[in-house]
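Examination of the molecular architecture
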Amino acid sequence: MSARDIFHNLVRLALQKDGWTITHDSLSIDLADGQLQIDLGAERLIAAQKQDERIAVEIKSFVAPSAISEFHTALGQCLNYRLKEPERVLYLAVPLATYENFFSRQLPQLSIHEYQLKLLVFDPENEVIVQWIN
């Protein structure tokens, strides 16, 4: 099992507050030569459509000295996870301050657009999801 991000439990709680049911607290993806793990799997019923909406969430704290390096790692993980978990919509969960200070820069914006990266922005102080960016 891979190490959990420092915000793992907080994001889990924020998802539950937002009406999500946590179905996997480490979503394993089996490969022929090993296994990958996404931080969380969740789902909730969309009443209007009567279908299950299923997501996977990769949580990143962005507390290392290099935000660019953490972003490269997170983006690579997300792209790899999407290859093997296509029935879930994958979100990268990032703290609000990181979103405001880093994700407004040109490289993250170009990457988000090019790779259609979805973000879940959370407020660590209030333990809530602030924004879903599709």
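Structure shown above.
Let us look at the structure shown here. Note that the structure is predicted; figures quoted are calculated from it, not measured.

Bringing helix α1 (residues 8–17) into the picture now. Buried within α1 we find H8, L10, V11, A14 and L15. In an axial view of α1, the angular spread of the buried residues amounts to 165°, which keeps them on one side of the axis. Taken from the residues just after α1, G19 is the one with a positive phi, measuring 95°.

Taken as a whole and judged by the stated rule, the model has 9 aromatic pairs. Between W20 and W132 the ring centres are 5.7 Å apart and the planes differ by 40°, which places this aromatic pair in the tilted class. Note that W20 is positioned in the loop between α1 and β1 (21–24) and W132 in strand β8 (residues 128–133), a separation of 112 residues in sequence. Since its relative accessible area comes to 4%, W20 is described here as buried. W132 sits in the partly exposed class, given a relative accessible area of 26%. For the pair F62 and F102, a centre-to-centre distance of 6.0 Å together with 35° between the ring planes defines the contact as tilted. On the criterion of sequence distance, the pair formed by F62 in the loop between β5 (51–59) and α2 (67–84) and F102 in the loop between α3 (96–101) and α4 (106–115) is long-range, its members being 40 residues apart. Take F62 and F102: they sit in the same class, and that class is buried.

Attention now moves to the pairing of strand β2 (residues 27–31). Where a strand is regular, its side chains alternate between the two sheet faces. Pairing analysis gives 5 bridges linking β2 to strand β3 (residues 34–38), with the strands arranged antiparallel. Among the inter-strand pairings, L27 is bridged to a residue of β3, identified as I38. If you look at the hairpin formed by β2 and β3, you'll find 2 residues sitting between the two strands.

Assignment of secondary structure puts A74 in helix α2. Judged by relative accessible area, A74 falls into the buried class, the value being 0%. Distance from A74 to F62, taken between C-alpha atoms, is 9.6 Å for residues 12 residues apart in sequence. Once residues lying within four places of it in the same chain are set aside, the contact partners of A74 are K60 and L92.

As a further point, take the packing of α2 against α4. At their nearest, the axes of α2 and α4 sit 12 Å apart, and the two run at 5° to each other. With respect to each other, α2 and α4 are oriented roughly parallel. Mapping the contact onto sequence places I68, F71, H72, L75, L79 and R82 in α2 and L107, P108, S111 and Y115 in α4. Within the contact of α2 with α4, the residues separate by chemical class into 7 nonpolar, 2 polar and 1 charged.

The rules behind the values
- Residues numbered from 1 in each chain as written.
- Predicted model: local features only at pLDDT ≥ 70, side-chain atom pairs only at ≥ 80, totals over all residues.
- Heavy atoms only, no water.
- Buried < 20%, exposed > 50% of the residue type's maximum accessible area, 1.4 Å probe, protein only.
- Helix = DSSP H or I, 4+ residues; strand = E, 2+ residues; numbered from the N terminus.
- Arc of directions from axis to C-beta.
- Phe/Tyr/Trp six-rings, centres within 6.5 Å; stacked < 30°, edge-to-face > 60°.
- Pairing = 2+ DSSP bridges.
- Contact = heavy atoms within 4.5 Å.
- Axes fitted to C-alpha atoms, helices over the stretch in contact; angles between N-to-C directions.
- Parallel < 35°, antiparallel > 145°, perpendicular 65-115°, else oblique.
- Nonpolar A, V, L, I, M, F, W, Y, C, P; charged D, E, K, R; others polar.

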